[in-house]
Amino acid sequence: MTPDAALIRYVTRLGDNSLILGQRMIELVAASPELEEELANANFALDYIGQARMLYTYAGEREGRGRGEDDFAFLRPEHEYRNLLLVEQPNGHFGDSTVRAVLFESFYVLLLDALTRCGDEGLAGIAARAVKEVRYHLKHSSQWLVRLGDGTEESHARTQQSLNDLWRYTGEMFASDDIDKIMRDEFDGPDLNVVAEQWRKAVAAIVSAATLELPEDGWMASGGKDGRHTEHFGFLLADLQYMQRTYPGATW
Amino acid sequence: MYTQGLDQAGKSDAAGAETKQQLEAFQARIDTEEKIEAKDWMPEAYRRTLIRQISQHAHSEIIGMQPEGNWLTRAPTLKRKAILLAKVQDEAGHGLYLYSAAETLGISRDQMVADLLSGKAKYSSIFNYPTLTWADIGAIGWLVDGAAIMNQIPLCRCSYGPYSRAMIRICKEESFHQRQGYEIMLTLARGTDEQKAMAQDALNRFWWPSLMMFGPSDAASKHSAQSMAWKIKRFSNDELRQKFIDVTVPQAEYLGLTVPDDKLRFNEETGHYEHSDIDWQEFFDVISGNGPCNEQRMAKRRKAQDDGAWVREAAKAYAAKKLAEEAA
Amino acid sequence: MSKHEWPLYEVFIRSKSGLSHRHAGSVHAADDEMALTNARDTYTRRKEGVSIWVVRSDQIVASDPAETSAFFEPAEDKIYRHPTFYEIPDEVENL
């Protein structure tokens, strides 16, 4: 793979993470536990959709074959989406979506922060914008994790279960593949081993503040980065792509 | 409008305790366009009318998130998705501002939500219609927000300060809502035959319910006069409805769409459009719970409230623990 | 206020440096931290601010509208506190 091809795939992958998590958060609209949380959730979903748009547009420009943001978002087959399995997991209850947010965002902040210093100016610029957004999301989600973990007996038990259930999707974040390696070697991209170490410390601190137990590292699911998804993903795509697939080529 | 059931003004138990002098002094303040603030003396009926109107308005914003939210996951482009999400989020925000304004009158948000969920409080009939195609999102922005704006702009001058301030913020934020809706319709009207048909179908389904948003005709709304005297309301239902029709028909013509009313014609003498009678039976059915989506909208709201109970409890328990720790 | 719901906070926003904080509205929140983030997510969606204050509504000490006249009318006749009270000939400048 040429460095350029790897960069395009890397950027697309980042866009996929933002889009798919954004889409999941959109499913939560009008279902939040309190009105103020409704506004927060929509703010974060808007940030993620915005990131996806910037990243896809940039990938399309680098690719130079005339693909725009919507071609990436709506017109690829399932196996070409390369998001982490974690972000496509169903929303579940508020504890599940909070844990998902904490696990992903504490990783994404570190990754984006490293990318602000990468050798590709375009990507570094997008990362610089996105990292500010995600830093705030993480503040919000980790404050909630602490409230839930250290709240009532019920909220503690529920949230511990969420953490145990979603832990298996964290291994994939740090499993470096060819694209990650090219990004690191050719573009001064993030070293995933270093990110993993920082992530572990950060998550351990939040989990401990929440009076929860860090799960044991057991079997880890993987496949998202190669386009092999969980069963939930097809349904998410069916919703996402419905209009573009039903009315091919129309302008909206 | 978003407060269409409201023409039944609040009844007052305490009326006996209010002296003629107090009532006259109050009316004098209103007549000189002075704003009434939360802690000021006010007739009990004024307070109740406002609580009812503002909370109904708030409920409408909150329930109104659902028909549009129905298309969020399926929006056809990322740009449209972001715009629609921002709009639905604004509705949540506007519900919040309005609940806050009502809270200044001494009712809790919890109580208002309980009244909504028990069916005691009403919300606008328009949100009990389904959104079946993407064109409905355009029609809602264009017609429903268009109708809402007609009503809301005069509310910015409402005599009750907190409500008036909330409405000023809301109107400012909503200025893009109607335009994005019309832009969707315009894109469809310029699109494929399928898209044009979709746009016409949306207009067919949303035209009459939009006219009903202004509430019963003046002849049938008994208590408007009191609301007008108190400057809670500035124009009658029929005046606003006529104004809406007059500005909207040419917009439909520009889109090349047909308003579904075969008696619609422009009267050169009056300068207004004439239209067929409104099916008020449908309106009263929907308002009293028998619309296509009433059950569904309420069920979703109740589920969100129930599902969130343990979360709200947890946050309170955590806050109490922290307070106790600080005190210790 | 109902004992079930989160307490109410008043939100004050500084729209830009150099201006004072101004009342924007209110939010419910379980704790101070949440009040601040809720205020941010509710009242600064359109870049309305650079700084936020939140304070619990029940902590605000307010004057009583029934005492408005006793509180504020005594200031009405102190017209000598205003610069227009004083007559200075036009030809005198910089005053």
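Every chain's residues receive numbers from 1 upward, in the order its sequence appears when written. Starting at A for chains and at 1 for ligands, labels are handed out in the order in which the entities are written. Local features in this predicted model are restricted to residues of pLDDT 70 or higher, and side-chain atom pairs are both shown and tallied only at a pLDDT of 80 or more, whereas totals for entire chains, interfaces and linings draw on every residue. Only hydrogens and water are set aside when side-chain values are computed; all heavy atoms of the structure are taken into account.

J.: Can you tell me about the overall build of chain B, naming the residues and giving the values?
T.: By definition, any uninterrupted DSSP run of H or I lasting at least four residues is a helix, any uninterrupted run of E lasting at least two residues is a strand, and each is numbered from the N terminus. A tally of regular secondary structure across chain B gives 12 helices and two strands. As defined in this context, the radius of gyration uses C-alpha atoms, and a globule is described by 2.2 Å times the residue total to the power 0.38. For chain B, the C-alpha radius of gyration of 21 Å lies close to 20 Å, the compact-globule estimate for 328 residues. In terms of overall dimensions, chain B has C-alpha extents of about 70 × 55 × 35 Å along its principal axes. Note on definitions: a residue-residue contact is assigned when non-hydrogen atoms from the two residues lie within 4.5 Å. In chain B, once contacts between residues fewer than 6 apart in sequence are set aside, the share between residues at least 24 apart is 80%. The Shrake-Rupley method, run with a 1.4 Å probe, gives the accessible areas here. Residue values count only the displayed protein chains as cover. Roughly 13,400 Å² of accessible area belongs to chain B as shown, and the carbon and sulfur atoms make up 54% of that amount. Think of it this way: Lys and Arg go in the positive column, Asp and Glu in the negative one, and His and the chain ends go nowhere. Charge coordinates come from a single atom per side chain, which is NZ of Lys, CZ of Arg, CG of Asp or CD of Glu. Charge-centre separation for chain B: the mean point of 41 positive side chains lies 5 Å from the mean point of 45 negative side chains.

J.: Can you break down the packing of aromatic side chains residue by residue, with the values?
T.: The geometry of an aromatic ring pair comes down to the distance between the two centres and the angle between the two planes. Side-chain rings of Phe, Tyr and Trp, where Trp is taken by its six-membered ring, are said to pair if the distance between their centres is within 6.5 Å; with planes under 30 degrees apart they count as stacked, over 60 as edge-to-face, and otherwise as tilted. Across all of its chains, the model carries 25 aromatic pairs over all chains by this definition. Ring centres of Phe-94 of chain A and Trp-144 of chain A lie 5.0 Å apart, and the angle between their planes is 80°; this geometry places the pair in the edge-to-face category. With Phe-94 of chain A in helix α5 (residues 94–115) and Trp-144 of chain A in helix α6 (residues 121–149), this pair connects stretches of sequence that are 50 residues apart. Comparing Phe-94 of chain A with Trp-144 of chain A shows no difference in burial state: the two are buried. A ring pair is formed by Trp-280 of chain B and Phe-283 of chain B, whose centres lie 5.3 Å apart and whose planes are at 90°; its orientation type is edge-to-face. Taken together, the residues Trp-280 of chain B and Phe-283 of chain B, both in helix α10 (residues 280–287) and three residues apart, mark about one turn of the helix. Buried means the residue's accessible area, taken with a 1.4 Å probe over protein chains only, is under 20% of the maximum for its type, while exposed means over 50%, and partly exposed covers the values in between. Look at Trp-280 of chain B and you get partly exposed, because its relative accessible area is 22%.

J.: Talk me through the interface of chain B and chain A; I want residue IDs and the actual numbers.
T.: The interface of chain B with chain A comprises 45 residues on the first partner and 48 residues on the second. Both faces considered, chain B and chain A share a buried interface measuring about 4,000 Å² in area, 70% of it formed by carbon and sulfur atoms. When a carboxyl oxygen of Asp or Glu is within 4 Å of a side-chain nitrogen of Lys or Arg, the pair counts as a salt bridge. Here chain B is connected to chain A by three salt bridges. In this structure, Glu-36 of chain A engages Arg-109 of chain B in a salt bridge whose closest nitrogen and oxygen atoms are separated by 2.6 Å. Nitrogen and oxygen atoms within 3.5 Å of one another constitute a polar contact, given that in protein one can donate a hydrogen and the other can accept it, and given that sequence-neighbouring residues count only through two side-chain atoms. At the boundary of chain B with chain A, the tally comes to 14 residue pairs in polar contact (both at pLDDT 80 or more). Where the side of chain B that touches chain A is concerned, the elements lending two or more residues are α2 (44–69), α3 (78–103), α6 (161–189), α7 (193–212), α11 (294–307) and α12 (309–327) of chain B. If one sorts the elements of the side of chain B that touches chain A by residue count, α3 of chain B sits on top with 14 residues. Along the lines of polarity and charge, the residues of the side of chain B that touches chain A split into 24 nonpolar, nine polar and 12 charged. Buried area, as used here, totals the accessible surface that two parts lose on assembly, with accessibility defined by a 1.4 Å probe and the loss added over both. Each residue is assigned to one of three groups, with Ala, Val, Leu, Ile, Met, Phe, Trp, Tyr, Cys and Pro labelled nonpolar, Asp, Glu, Lys and Arg labelled charged, and all others, Gly among them, labelled polar.

J.: Please provide a residue-by-residue account of the environment of Ala-124 of chain A, values included.
T.: As for its placement among the helices and strands, Ala-124 of chain A is situated in helix α6. The spacing of Ala-124 of chain A and Leu-19 of chain A is 105 residues in sequence and 19 Å in space, taken between C-alpha atoms.

J.: Residue-level account of helix α11 (residues 232–246) of chain A, with values.
T.: Residue and element names in this part refer to chain A. Here a helix's expected span is defined as the number of its residues, less one, multiplied by 1.5 Å. Here α11 spans 21 Å end to end across 15 residues, near enough to the 21 Å set by a 1.5 Å rise per residue. By definition, a residue's bend is the angle between the axes fitted to the seven residues ending there and the seven starting there. The principal kink in α11, of about 50°, is found at Leu-240. Along α11, the residues classified as buried are Phe-233, Leu-236, Leu-237, Leu-240, Gln-241, Met-243 and Gln-244.

J.: Residues and numbers for the pairing of strand β1 (residues 8–14) of chain C, please.
T.: Residues and elements named next belong to chain C. Among the seven residues of β1, five are classified as buried, and the element is accordingly described as predominantly covered. Here the rule is simple: two strands pair whenever DSSP picks up at least two bridges between them. When β1 meets strand β2 (residues 22–28), the two strands line up antiparallel, connected through six bridges. If you follow Tyr-9 over to β2, its bridge partner there is Val-27. As paired strands, β1 and strand β3 (residues 51–56) are joined by six bridges and run antiparallel to one another. The residue of β3 that forms the bridge with Tyr-9 is Arg-56.

J.: Would you mind going over the interface of chain C and chain A in detail, with residue names and values included?
T.: Contacts between the two partners involve 12 residues from chain C, matched on the other side by 12 residues from chain A. Together chain C and chain A conceal approximately 1,200 Å² of surface at their shared face, both sides included; 53% is due to carbon and sulfur atoms. The salt bridge partner of Asp-31 of chain C is Arg-147 of chain A, with a shortest N-O separation of 2.8 Å. Applying the counting rule to chain C against chain A returns five residue pairs in polar contact (both at pLDDT 80 or more). Among the elements of the structure, β2 and α1 (32–43) of chain C are those that each provide at least two residues to the side of chain C that touches chain A. Looking at the side of chain C that touches chain A, the element that brings in the most residues is α1 of chain C, giving seven residues. Among the residues making up the side of chain C that touches chain A, the classes are represented as three nonpolar, four polar and five charged.

J.: If you had to explain the pattern of salt bridges to someone new, which residues and values would you point to?
T.: Residues and elements named next belong to chain A. Inspection of the entire model under this criterion finds 49 salt bridges over all chains. For Arg-135, the salt bridge is made with Asp-113, and the minimal N-O distance between the two is 3.8 Å. Of this pair, Arg-135 sits in helix α6 while Asp-113 sits in helix α5, and the two are 22 residues apart along the sequence. According to the relative accessible area criterion, Arg-135 is partly exposed, its value standing at 42%.

J.: Break down the sheet that holds β2 of chain C for me, citing the residues and quoting the values.
T.: Residue and element names in this part refer to chain C. Across the sheet, which stays open at both edges, the three strands sit in the order β2-β1-β3 with antiparallel pairing between neighbours. Lying at the two open borders of the sheet, with one neighbouring strand each, are β2 and β3. On average, adjacent strands in this sheet sit at an angle of 30° to one another, irrespective of strand direction. Axes here refer to lines fitted to C-alpha atoms; in helices the fit is confined to the stretch in contact. Angles between the N-to-C directions go from 0 to 180 degrees.

J.: I'd like a rundown of unusual backbone geometry, residues and numbers included.
T.: Phi at Asp-188 of chain A is positive, roughly 55°, even though this residue is not glycine. Locating Asp-188 of chain A in the fold gives a position in the loop between α9 (178–187) and α10 (192–209).

J.: Tell me about the side chain of Asp-90 of chain B, and name the residues and values.
T.: With respect to the helices and strands, Asp-90 of chain B occurs in helix α3. For Asp-90 of chain B, a relative accessible area of 2% puts it in the buried group. Sequence-distant contacts of Asp-90 of chain B, that is, excluding residues within four places in its chain, are made with Glu-173, Phe-176 and His-177 of chain B together with Arg-45 and Arg-46 of chain C.

J.: Would you mind going over a nonpolar patch on the surface in detail, with residue names and values included?
T.: A contiguous nonpolar surface patch, about 740 Å² in accessible area, is contributed by Ile-79, Tyr-80, Phe-85, Tyr-86, Ile-88, Val-92 and Leu-95 of chain C. Mapped onto the secondary structure, Phe-85 of chain C falls in the segment after α2 (68–72). Patches were defined on residues exceeding 30% relative accessible area and lacking a salt bridge, with like-charge contacts within 9 Å and nonpolar side-chain contacts (Val, Leu, Ile, Met, Phe, Trp, Tyr) within 5 Å.

J.: Requested: an account of the nonpolar core, with residues and values cited.
T.: Membership of the largest hydrophobic core comes to 192 residues, with the highest contact counts inside it found for Leu-19, Phe-107 and Leu-123 of chain A together with Tyr-46, Tyr-160 and Trp-207 of chain B. Among the elements that line this core, the one with the most residues is helix α2 (residues 35–63) of chain A, at 14 residues. Ignoring anything within four residues of it in the chain, the contact list for Phe-107 of chain A reads Leu-84, Met-173, Phe-174, Leu-192, Val-195 and Trp-199 of chain A. We define the nonpolar core as a collection of buried residues of types Ala, Val, Leu, Ile, Met, Phe, Trp, Tyr and Cys that are connected through side-chain atoms lying within 4.5 Å of one another.

J.: Mind laying out the side chain of Asp-180 of chain A, listing which residues take part and the relevant values?
T.: Residues and elements named next belong to chain A. Of note, Asp-180 is situated in helix α9. Accessibility expressed as a relative area gives 7% for Asp-180, which makes it buried. With near-sequence residues (within four places) excluded, Asp-180 lies in contact with Tyr-10, Arg-13, Ala-175, Leu-192 and Lys-225.

J.: Give a description of the packing of α6 of chain A against helix α7 (residues 153–166) of chain A that names residues and reports values.
T.: Residue and element names in this part refer to chain A. It is the contact of α6 with α7, at a shortest axis distance of 7 Å, that shows an interaxial angle of 125°. What the angle tells us is that α6 and α7 run oblique. Residues Leu-145, Arg-147, Leu-148 and Gly-149 of α6 form the contact with α7, whose participating residues are Ser-155, His-156 and Thr-159. Its residues assigned to classes, the contact of α6 with α7 shows two nonpolar, four polar and one charged. The cut-offs work like this: below 35 degrees is roughly parallel, past 145 is roughly antiparallel, 65 to 115 is roughly perpendicular, and the gaps in between are oblique.

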